[in-house]
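# Examination of the molecular architecture
Here's the letter readout for the chains.
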Amino acid sequence: LCRELNAVCAIRSVAKHNQSTTALSMNKIAFLYGAETRRLKKIVHKTRDKDLCRRANAVLLVLKGETKSQVARVLQAGRSSVNRWVTWYEAAGIDGLKTKGAGR
């Protein structure tokens, strides 16, 4: 499912990739090139943790220029969840997206 969503959104994001998305805004975060983006893509393709895959996919789509509302619609998640995941990513990077263990 994660690979299919990534393929569908890659087509839509090609046109948006050409636009400059360096400024922070309410619906978008700055596009990062390089190692972080590659690590997120690797997580989407390699992880067995479905929740982590979904969160990484959401962050990738926001980084590519999709609005958080569009990402929420594509991933069938709440907009508040997408906002929370992006906040976790901005605060702690990829480690912030990882699933926490159950318990105290």
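Here is what the cut-offs are and how they apply
Residues numbered from 1 in each chain as written. Predicted model: local features only at pLDDT ≥ 70, side-chain atom pairs only at ≥ 80, totals over all residues. Heavy atoms only, no water. Helix = DSSP H or I, 4+ residues; strand = E, 2+ residues; numbered from the N terminus. Buried < 20%, exposed > 50% of the residue type's maximum accessible area, 1.4 Å probe, protein only. Axes fitted to C-alpha atoms, helices over the stretch in contact; angles between N-to-C directions. Parallel < 35°, antiparallel > 145°, perpendicular 65-115°, else oblique. Left-handed = near helix turned anticlockwise from the far one by under 90°. Contact = heavy atoms within 4.5 Å. Nonpolar A, V, L, I, M, F, W, Y, C, P; charged D, E, K, R; others polar.

Turning next to the environment of N57. You can see N57 is positioned in helix α3 (residues 50-63). For N57, a relative accessible area of 1% gives the class buried. For N57 and V44, which are 13 residues apart along the polypeptide, the C-alpha to C-alpha distance reads 6.4 Å.

Our next topic: the packing of helix α2 (residues 35-46) against α3. Relative to each other, α2 and α3 sit at 140°, their axes nearing to 8 Å. The pairing of α2 with α3 is recorded here as oblique in orientation. As α2 packs across α3, the resulting crossing turns out to be left-handed. Contacts from T37, L40, K41, I43 and V44 in α2 reach L52, C53, A56, N57, V59, L60 and L63 in α3. Of the residues assigned to the contact of α2 with α3, the class counts are nine nonpolar, two polar and one charged.

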